[in-house]
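Topology and contacts: notes
Spelled out from the first residue to the last, the chains are:
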Amino acid sequence: MSADILEAIGRVDFAAFQWLRAHHFPLLDVIMAGLSDVARGGAIWIALAFLIAFLYRARWLAVVQVLLAIALAFLITDHVAKPFFNRARPFQTYAESRVYGYRPTTPSFPSGHAASTIAGVCALTRLAPEARSIFWVFALLVAFSRVYLGVHYPADVIAGALLGLAIGEFVVGGTSWRFANTVSHRSDAQNRNPAPTRN
């Protein structure tokens, strides 16, 4: 029974992959490839974390959470999950499957891009809650790009995203960082100690 269920899931997964791959546009190809490239290794999230911490010096400790979340996602996906499941990439199983961009050599399940992206965003949204919506939209687009580019099945991305979410929540715990507090504290200090004026 379990084998039948897995086979059925595999068929649905491949059908969804084929349907998504059938809808391609030249401009979208470039955009999806760009999104995938900047998110490789969690690079975009690490860069944003350092930029935000530079602008808001009191938030440097939150950068550690972002780095830790991405590092854990990489270690678990690439050194534990991928070798264990050892699922072939779509283009390895189906020779006619077209790939846009580079062809990864690691196993397909789960998606490392999705895991590191979601884990990084979980930590980053605690650092910058005001930009939460933008970060999550960007993260979902990165995850989708992996299927669009032909290097992952939908199930790979979903599993990677769930794994990244679990890792991110584990790392940040109940931590909450708020820019508004920093800004309001500066404003209060300025109001209590107004700059001297000259007549």
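Quick note: structure is the one above.
This text gives an overview of the structure that appears in the document.

Conventions used here
- Residues numbered from 1 in each chain as written.
- Predicted model: local features only at pLDDT ≥ 70, side-chain atom pairs only at ≥ 80, totals over all residues.
- Heavy atoms only, no water.
- Helix = DSSP H or I, 4+ residues; strand = E, 2+ residues; numbered from the N terminus.
- Expected span 1.5 Å × (residues − 1).
- Buried < 20%, exposed > 50% of the residue type's maximum accessible area, 1.4 Å probe, protein only.
- Arc of directions from axis to C-beta.
- Contact = heavy atoms within 4.5 Å.
- Phe/Tyr/Trp six-rings, centres within 6.5 Å; stacked < 30°, edge-to-face > 60°.

Points about helix α2 (residues 26-38)
Over its 13 residues, α2 runs 19 Å from end to end, which matches the ideal 18 Å to within 8%, given 1.5 Å per residue. Buried within α2 are the following residues: Asp29, Met32, Leu35 and Ser36. Along the axis of α2, the buried residues cluster in a sector spanning 135°; they form a single face. Exposed positions of α2 whose direction lies more than 90 degrees from the buried face are Pro26, Leu27 and Val30. On its buried side, α2 packs onto α6 (112-127) and α7 (132-148).

Details of the packing of aromatic side chains
Given two aromatic rings, their pairing is described by the distance between the two centres and the angle made by the two planes. For the structure shown, the criterion picks out 5 aromatic pairs. Ring geometry for Phe85 and Phe109: centres 4.8 Å apart, planes at 75°, overall edge-to-face. Placement of Phe85 in helix α4 (residues 60-85) and of Phe109 in the loop between α5 (90-93) and α6 is noted, with a sequence separation of 24 residues between them. Taken together, a centroid distance of 6.0 Å and an interplanar angle of 45° make the contact between Phe144 and Tyr148 tilted. You can see Phe144 and its partner Tyr148 sitting in helix α7, 4 residues apart, about one turn around the helix. Here Tyr148 falls in the buried class, since its relative accessible area comes to 1%.

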